[in-house]
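Each chain, written out:
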Protein chains: 2
Amino acid sequence: MMSTDLPVLEIVTIGDELLRGDVADGNSVWLGRRLSAAGISIALRTTVGDDDAAIRAAIEGALRRSGAVLCTGGLGPTSDDRTRPVVAALYGRELRLDERVLVDIRDRFGRRGLEMPVINRTQAEVPAGARVFRNPAGTAPGLALDEPGLGLTVLLPGVPTEVRALFDDGVLEFLRSRWRDRLGTVHTAVLRTTDIAESALYERVRDLVALAAPARVAFLPSVSGVDVRLTLARADAAEGSRSRLDGTLALFRERLAGFVYASDDRDLAELVGDALRHRGLMLAVAESCTAGLLAKRLTDGSGSSDYFDGGVISYSDAAKQRWLGVRQETLARHGAVSEATALEMVTGVCHATGSPCGVAITGIAGPGGGSSAKPVGTVWIGIRTPAGARARLFRFGGSRIEIRERAAQAALRMLQLALAVDGHSHAVE
Amino acid sequence: MMSTDLPVLEIVTIGDELLRGDVADGNSVWLGRRLSAAGISIALRTTVGDDDAAIRAAIEGALRRSGAVLCTGGLGPTSDDRTRPVVAALYGRELRLDERVLVDIRDRFGRRGLEMPVINRTQAEVPAGARVFRNPAGTAPGLALDEPGLGLTVLLPGVPTEVRALFDDGVLEFLRSRWRDRLGTVHTAVLRTTDIAESALYERVRDLVALAAPARVAFLPSVSGVDVRLTLARADAAEGSRSRLDGTLALFRERLAGFVYASDDRDLAELVGDALRHRGLMLAVAESCTAGLLAKRLTDGSGSSDYFDGGVISYSDAAKQRWLGVRQETLARHGAVSEATALEMVTGVCHATGSPCGVAITGIAGPGGGSSAKPVGTVWIGIRTPAGARARLFRFGGSRIEIRERAAQAALRMLQLALAVDGHSHAVE
């Protein structure tokens, strides 16, 4: 409902399991990003159960308000998949067997040496006159129905890999060509911050929010930090406005110096990986309370073996001694959650692996194990780069899961800063 | 929209960032589960941007259709938080400063040794006559407005920890007492399966779906496997129907023997943890392609140090030799992704830690690194229990992230089965 003339559509996601929270609606997140980036605005999102009347009402409402709707889910072969017949009825079309789709489905099973189960045949029945998008990742094809009186309905299955494949392989291009004359540019800019609370951040920049107009400023807090996002949509994107946006962004950046870790949507683990790769440095980790979470983040992206050597999950004191060479005396005198232990852990893992860079995390993620001196949320993080080793104490709030996430993020941020200072080469805000 | 007389409400989640996919709507998942478990049915969920007209239309629509709506988001202190004034206007109420709320907010900052920022004062302004729920986890209170002509609107902030605290500390009880006379029992039963595809699973049980009526059967595929969920809502919950549901469940269980890992909502990592704790066994892990993901899952729950010792992230060949004692000859002859390496890894990590149980994962998560003999998705998993060691080859499909998730799940399943056979004590389907 932004005041622009950008193409607008609504999203309808279908499935009892989504309403009940049995599964998270990851498709909406992914589609939201892709559509926004393409300059297509999402006016509204509706989630309905596997119920014919509810599905029909949601799609009709979306078409009435916005003239275009993209649906996910309910195209599977089982009895609770209702979307195809409902939409066929709404558009007054018959369901007809599409031989080409049937061949695709049979081939798909055939490639794995299997007969097509009889029930998958229904997935080849498509509303007459529908545009069919072949599914490279699954059996249900994507479908589009477009009619002057009603508007555009696009149907995608609910399986995330299939949504992505169908959207990128055909649906996005189809939407682009339908709206070719109206697609404009959406300028967005983002500053990703960490180590500062939302309200403290807001106080620093509140006067800039009005100054940013016509760009809209949003503050997006998450467990990893707060993202500040500026958006300038087409109607406002007059000449010179991009450079004004850049100017405003520079002001935000100045006010938030020391907290900004990215000026784009990338994850901090990816940026740290790039910095390591850029300098040809290997990294090893020693994780206690995070127990693998940091290593998982560092290896979520492909090619991480360029800079990631491996590490140790030193959950027990014995593991800290055995693999990292932490001294019994250090553990006895300072405890497992201490500066001395964090430093011995990081030194130990670098020594064992021969890696010039290391990170060690030791803390109390809770809910048990806290004390008045070291309450739940107390975390020591040690890092090592060619310039030396250091450790920092954090007191994180939140649940066990959140404390672990915050600790991993904080460790990455310490590394990023150390590598930047160290290297004089990799830009850090 | 189920044919029951259960209390019904709609959920409205508010925020441009949700539509654009900048953040996932985790609150909807959590609230969906909690409300469903309490016997409150969610008819519809709408997500709108930070726009007064859109917020008002969404809430009005929900009230008109369902008479009750629970909103999250837009209660923060910043300029893009619009929910409070919009709902006050909808109910024709003024916003008034609530002194008790103001004291709560001041105290919250005070406990951290901080002055309350001026902007947080707006969070103490509540619609006249609203019921206020004190927020134990943040600054924005929960609010409820209830009026015969309009219906019930409950407002919660968008921060997940605050939603949870407010809901569990007051809002759920408030909803329960409002609907006391209509709250019935919802019988649900679930079988969580893994290692079988959705359509293969459906073929095994399709005739049971009709037999299960009036219970509804849903199939929920995810990267961890397929959940089969039976739901019997109040209107159908006549005498004897619970036992009929149990009988139907037994039939499903029989057909799906070998694939069911849980008969409740618990995660497989938690079940494996319980099995280990029950038998007093410690576990160590050696992870290559999953790089910490399995250890993270095993330690997501509190108390995991009862059974989890730690492990090694042996991302490089050098790490496999150094920490796990994998022989150079084995790596040269069979490769890092092989039965022999998986077995040496698991033996090595058990030996190093003195743990009787171990698991090792080595594979090709992609997108690079595959070959025709060992394509992306090839994963060898080795496990060890007091009864001995074994390894199994998997060929997983999907993206890098999915292959890693599937490998961790498969490793846990192998452990679960081995511990059950081994122990003759822990029930496995």
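From a predicted model like this one, the values you see are computed outputs, not experimental measurements. (Residues numbered from 1 in each chain as written. Chains lettered and ligands numbered in written order. Predicted model: local features only at pLDDT ≥ 70, side-chain atom pairs only at ≥ 80, totals over all residues. Heavy atoms only, no water.)

Right, let's get into the overall build of chain A. Of regular secondary structure, chain A possesses 14 helices and 17 strands. For chain A, the C-alpha atoms occupy an extent of roughly 80 × 60 × 40 Å along the three principal directions. Buried residues in chain A amount to 57% of all 429 residues. Once local pairs closer than 6 in sequence are excluded, the contacts in chain A between residues at least 24 apart make up 66%. Accessible area of chain A: about 16500 Å², with a carbon and sulfur share of 49%. Looking at charge distribution, chain A has the averaged site of its 52 positive side-chain charges lying 3 Å from that of its 52 negative ones. (Helix = DSSP H or I, 4+ residues; strand = E, 2+ residues; numbered from the N terminus. Buried < 20%, exposed > 50% of the residue type's maximum accessible area, 1.4 Å probe, protein only. Contact = heavy atoms within 4.5 Å. Areas by Shrake-Rupley, 256 points an atom, 1.4 Å probe, with all protein chains shown as cover. Lys, Arg positive; Asp, Glu negative; His and termini not counted. Charge placed at Lys NZ, Arg CZ, Asp CG, Glu CD.)

Residue and element names in this part refer to chain A. Within the open sheet, the four strands sit side by side as 10-11-9-12. Their pairing is antiparallel. Here the strands that pair on one side only, and so sit at the sheet edges, are strand 10 (216–222) and strand 12 (260–262). Direction aside, neighbouring strands of the sheet carry axes that sit 30 degrees apart on average. The pairing of strand 10 with strand 11 (residues 225–232) spans seven bridges and is antiparallel. Within strand 11, the position partnered with P221 by the bridge is V226. Lying on the sheet, helix 7 (residues 198–211) is in contact with strand 9 (187–193), strand 10 and strand 11; it crosses strand 10 at an angle near 175 degrees. (Pairing = 2+ DSSP bridges. Axes fitted to C-alpha atoms, helices over the stretch in contact; angles between N-to-C directions.)

All names here are of chain A. Within the element layout of this structure, Q409 appears in helix 14 (residues 400–423). By relative accessible area, Q409 is classed as buried at 2%. Looking at Q409, its side chain comes within polar contact range of the side chain of R297, at 2.9 Å. Ignoring any residue separated from it by four or fewer positions in sequence, one finds Q409 in contact with T194, S224, Y261, L268 and R297. (Polar contact = N/O pair within 3.5 Å; in protein donor to acceptor, adjacent residues only side chain to side chain.)

In this structure, S305 of chain A sits in the loop between helix 10 (293–298) and strand 14 (308–313). Sequence separation between S305 of chain A and A43 of chain A is 262 residues, and the spatial gap between their C-alpha atoms is 42 Å. With sequence-adjacent residues up to four places away left out, S305 of chain A is seen in contact with M282 of chain A together with Y315 of chain B.

Rotating chain B by 180 degrees and translating it 0.0 Å along the rotation axis places it on chain A, where the RMSD comes to 0.0 Å. The transformation relating the two chain copies, once decomposed into turn and shift, fits a two-fold axis. Among all C-alpha atoms of chain B, that of G292 of chain B lies closest to the rotation axis, at 1.9 Å. Mapped onto chain A, 100% of the interface residues of chain B are again interface residues, and the two copies thus contact each other with one and the same surface. (Least-squares fit on C-alpha atoms with pLDDT ≥ 70 in both.)

Facing 81 residues of chain B, the contacting portion of chain A comprises 81 residues. Both faces considered, chain B and chain A share a buried interface measuring about 6700 Å² in area, 56% of it formed by carbon and sulfur atoms. The largest per-residue losses of area from chain B upon contact with chain A belong to R20, R45 and W323 of chain B, which jointly make up 11% of the total buried on that side. Summed over the shared surface of chain B and chain A, the number is eight salt bridges. Of the charged contacts, one joins R216 of chain A and D16 of chain B as a salt bridge, the two residues approaching to 2.6 Å between their closest N and O atoms. On the surface where chain B and chain A come into contact, there are 38 residue pairs in polar contact (both at pLDDT 80 or more). Considering every element that reaches the side of chain B that touches chain A, the biggest residue donor is strand 2 (residues 41–48) of chain B, with seven residues. Of the residues assigned to the side of chain B that touches chain A, the class counts are 36 nonpolar, 22 polar and 23 charged. Here three bridges tie strand 14 of chain A to strand 14 (residues 308–313) of chain B, and the two strands are oriented antiparallel to one another. Bridging from a neighbouring strand, I313 of chain A pairs with G311 of chain B of strand 14 of chain B. (Buried area = accessible area lost by both parts, 1.4 Å probe. Salt bridge = Lys/Arg side-chain N within 4 Å of Asp/Glu carboxyl O. Nonpolar A, V, L, I, M, F, W, Y, C, P; charged D, E, K, R; others polar.)

Residue and element names in this part refer to chain B. Taking burial as the measure, the eight residues of strand 16 (residues 378–385) include seven buried ones, the bulk of the element. Judged from the eight bridges that link them, strand 16 and strand 17 (residues 388–395) form a sheet pairing that is antiparallel. The partner of G382 across the bridge, within strand 17, is A391. Between strand 16 and strand 17, which pair antiparallel and follow one another directly, the connecting turn spans two residues.

What follows deals with the packing of aromatic side chains. The geometry of an aromatic ring pair is captured by two quantities: the separation of the ring centres and the angle between the planes. Scanning the model with the defined rule gives 10 aromatic pairs over all chains in all. The ring of W323 of chain A carries R322 of chain A above its face, with NZ or CZ at 4.5 Å from the centroid. (Phe/Tyr/Trp six-rings, centres within 6.5 Å; stacked < 30°, edge-to-face > 60°. Lys NZ or Arg CZ within 6 Å of the ring centre and 35° of its normal.)

Next up on the list: helix 9 (residues 268–279) of chain A. All names here are of chain A. Its 12 residues give helix 9 an end-to-end C-alpha distance of 17 Å, which sits within 8% of 16 Å, the value for a rise of 1.5 Å per residue. If you check which residues of helix 9 are buried, you get L268, A269, L271, V272, G273, A275 and L276. The N-capping residue of helix 9, defined by a side-chain oxygen 2.9 Å from the backbone nitrogen of A269, is D267. Of the residues one or two after helix 9, G280 is the one with positive phi, at around 65 degrees. (Expected span 1.5 Å × (residues − 1).)

To continue, consider the packing of helix 3 (residues 52–66) of chain A against helix 4 (residues 83–90) of chain A. Residue and element names in this part refer to chain A. Direction vectors running N to C along helix 3 and helix 4 enclose 50 degrees, while the axes themselves pass 10 Å from each other. Looking at the two axes, helix 3 sits oblique to helix 4. Between helix 3 and helix 4 the crossing geometry is right-handed. For the pair formed by helix 3 and helix 4, the contact residues are D52, I55, R56, I59, E60 and L63 on the first element and V86, V87, A89 and L90 on the second. Among the residues making up the contact of helix 3 with helix 4, the classes are represented as seven nonpolar, no polar and three charged. (Parallel < 35°, antiparallel > 145°, perpendicular 65-115°, else oblique. Left-handed = near helix turned anticlockwise from the far one by under 90°.)

Grouped together as the largest cluster of nonpolar side chains are 80 residues, with contacts concentrated most on V359 and I381 of chain A together with V359 and I381 of chain B. In contact with I381 of chain A, not counting residues within four places along its chain, are A342, V359, A360, I361, R390, A391, R392, F394, A407, A410, A411 and M414 of chain A. (Core = buried A, V, L, I, M, F, W, Y, C linked by side-chain atoms within 4.5 Å.)

Within this structure, the stated rule accounts for 55 salt bridges over all chains. The partner of R65 of chain A in a salt bridge is E10 of chain A, and the shortest N-O contact between them spans 2.8 Å. Taken together, the residues span a long stretch of sequence, with R65 of chain A in helix 3 and E10 of chain A in strand 1 (residues 8–14) at a distance of 55 residues. Residue classification places R65 of chain A among the partly exposed residues on the basis of a relative accessible area of 44%. On the basis of relative accessible area, E10 of chain A is assigned to the buried category, the value being 0%. The partner of E270 of chain B in a salt bridge is R266 of chain B, and the shortest N-O contact between them spans 3.8 Å. Judged by its relative accessible area of 29%, R266 of chain B is partly exposed.

All names here are of chain B. Mapped onto the fold, V228 is located in strand 11 (residues 225–232). With relative accessibility at 0%, the residue V228 sits in the buried group. The sequence separation of V228 and F252 amounts to 24 residues, and the corresponding C-alpha distance is 8.7 Å. Residue contacts for V228: discarding those within four places in its chain leaves A189, V190, L191, L201, V217, A218, F219, F252 and L256.

With that out of the way, let us pick up the sheet that holds strand 6 (residues 131–133) of chain A. What the 12 strands build is an open sheet, ordered 6(A)-7(A)-8(A)-3(A)-1(A)-2(A)-2(B)-1(B)-3(B)-8(B)-7(B)-6(B); its pairing is mixed. Because the sheet does not close on itself, it has two edges, and the strands there are strand 6 of chain A together with strand 6 (131–133) of chain B. Taken over all neighbouring pairs, the strand axes of this sheet differ in orientation by 15 degrees on average, direction set aside.

What follows covers helix 4 (residues 83–90) of chain B. Think of an α-helix as turning once every 3.6 residues; residues three or four places apart then point the same way. All names here are of chain B. Counting buried residues in helix 4 gives six out of eight residues, a clear majority hidden from the surface. Those residues of helix 4 not exposed but buried are T83, R84, V86, V87, A88 and L90. The secondary structure elements touched by the buried residues of helix 4 are strand 1 (8–14), helix 3 (52–66), strand 4 (95–97), strand 5 (125–127), strand 7 (142–147) and strand 8 (151–156). Two residues or fewer after helix 4 comes G92, characterised by a positive phi angle close to 65 degrees.

Once that is clear, we can look at unusual backbone geometry. In the segment running from G366 of chain A into P367 of chain A, the intervening peptide bond is cis, with an omega of 0 degrees. Looking at the secondary structure, you find P367 of chain A in the loop between strand 15 (357–363) and strand 16 (378–385). In the Ramachandran plot, D195 of chain B falls in the positive-phi region, its phi being about 75 degrees despite a non-glycine side chain. Positionally, D195 of chain B belongs in the loop between strand 9 (187–193) and helix 7 (198–211). One non-glycine residue with positive phi stands out, namely A291 of chain B, at about 45 degrees.

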